Amino acid sequence: KNTGKGSAEVYGQVVTINQPEISTKTGFRLNDQNNFVLFASSFYQDQESYFGAVKYAAKQRNFYGNLQYEYNYGKNSVKTGLSFRHLNLDENVSFTENTLQRTYAGNYLRQENIAGVFVENTWKLFNDKLTWITGIRMDKHNQFGTILTPRTLLKYELTPNTTIRANVGRGWRTVNLFSENIGVLVSSRDIIFEEQPEPEKAWNAGINLTQKFDGENISGFFSVDYYRTDFESQLFPDYDTDPRKVIIKNFTGKSASNTFQAELYLNFWEQFEFKTGYSFLDVYREIDEQKVLLPFNP
């Protein structure tokens with residue numbers, strides 16, 4: 001491997017990753033009702049990879065800080081605070097030989113600074129049978145502007161052993177194209193950037209029912225849940241338009257994911273365990289009003 005890295009005669013893959021990281025959490029309690037929490041973490045990743053004649057080298061620096069104030073009033077609580085995330089990603093793609101005339105070699109630099117503010121409230125209602133959490137955060141991205149993400153969650157205990165949960169909310173993230181689609185570097189295709197990648201955004205909602213039981217010789221639980229995700233925007237590498245290319249462009253049409261799962265767990269005489277489950281995924285997008293199932297999903 002020392003002489004064959006990047007060789008055009010002998011194909012090989014070598015991936016070397018070094019990643020030190022550190023995190024800390026500090027709390028300062030003023031009294032039973034008021035306290036502050038500071039959470040901070042940072043990591044550095046250095047990666048060098050060879051996929052045949054393709055060399056991928058990347059360095060990433062990441063820092064996250066969150067200062068949170070918590071106020072407890074009765075059985076309820078409210079949390080609010082500030083957050084900041086810094087990302088510096090330096091990716092370098094090169095070819096030891098390029099008989100295929102691929103064009104995506106180069107240096108890809110990305111720097112993100114995301115300042116955020118958030119508030120979250122937790123209510124206990126109906127003799128603590130109902131827990132209701134509502135929250136919203138606002139992030140200011142140095143490239144993509146202001147993004148709001150609301151979310152609410154409900155938990156209701158129908159009986160001491162029967163619990164139903166529901167949630168709805170919005171989420172978003174920026175895309176790390178090469179590391180999340182490492183297969184494009186393994187293939188012989190050329191990578192064509194038709195658009196600048198935009199953040200992925202989606203709405204998600206779900207419901208869960210859990211039934212516990214505890215007998216003299218048998219205990220366990222039965223759980224069933226369903227989740228639905230509707231994407232506002234998504235990044236799909238296009239492998240189909242041209243067999244020699246991977247075309248990178250944003251998708252803003254209809255894209256959705258439906259997930260159903262049921263699970264049964266049993267414990268007999270505290271000595272034997274039995275677990276079985278079933279899951280069904282319906283993950284698709286619509287192109288020209290036609291439903292197209294996404295690959296690699298059961």
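Scroll up for the structure.
Residues numbered from 1 in each chain as written. Predicted model: local features only at pLDDT ≥ 70, side-chain atom pairs only at ≥ 80, totals over all residues. Heavy atoms only, no water.

How do you make sense of the nonpolar core when you look at a structure like this?
The nonpolar side chains of a soluble globular protein tend to be buried, and buried together. Grouped together as the largest cluster of nonpolar side chains are 16 residues, with contacts concentrated most on V54, Y56, Y104 and L185. Elements represented by at least two residues in this core include exactly β4 (54–73), β5 (76–95), α1 (177–180), α2 (183–186) and β13 (245–251). It is β4 that provides the largest number of residues to this core, a total of 3 residues. Every residue in contact with Y56, bar those within four places of it in the chain, is listed here: Q47, E48, S49, F51, E91, N92, V93, F178, S179 and L185. (Core = buried A, V, L, I, M, F, W, Y, C linked by side-chain atoms within 4.5 Å. Buried < 20%, exposed > 50% of the residue type's maximum accessible area, 1.4 Å probe, protein only. Helix = DSSP H or I, 4+ residues; strand = E, 2+ residues; numbered from the N terminus. Contact = heavy atoms within 4.5 Å.)

Is there a simple way to explain the pairing of strand β6 (residues 106–125) in this structure?
Remember that side chains alternate between the two faces of the sheet whenever the strand is regular. Strand direction decides the pairing type here: β5 and β6, joined by 17 bridges, are antiparallel. Each bridged residue has a counterpart across the sheet, and for N92 the counterpart in β6 is N107. In the sheet, β6 pairs with strand β7 (residues 130–141) via 12 bridges, with the strands oriented antiparallel. Bridging from a neighbouring strand, V117 pairs with M138 of β7. Linkage of β6 to β7, two consecutive antiparallel strands, is achieved through a turn of 4 residues, within which F126 is found at a positive phi near 55°. (Pairing = 2+ DSSP bridges.)

Help me understand the side chain of R170, please; the structure alone is not making it clear to me.
Relative to the helices and strands, R170 resides in strand β9 (residues 162–173). Within the local environment of R170, its side chain forms a polar contact with the backbone oxygen of L148, the two atoms lying 2.6 Å apart. Contact partners of R170, with chain neighbours within four places excluded, come to I147, L148, T149, P150, R151, K201, A202, W203 and E232. (Polar contact = N/O pair within 3.5 Å; in protein donor to acceptor, adjacent residues only side chain to side chain.)

Which parts of the structure should I look at to understand unusual backbone geometry?
Unusually for a residue other than glycine, D128 sits at a positive phi of about 70°. You can see D128 is positioned in the loop between β6 and β7. Positive phi, normally seen in glycine, also occurs at D288, with a value near 55°. As for its placement among the helices and strands, D288 is situated in the loop between β15 (272–287) and β16 (290–293). Since its relative accessible area comes to 71%, D288 is described here as exposed.

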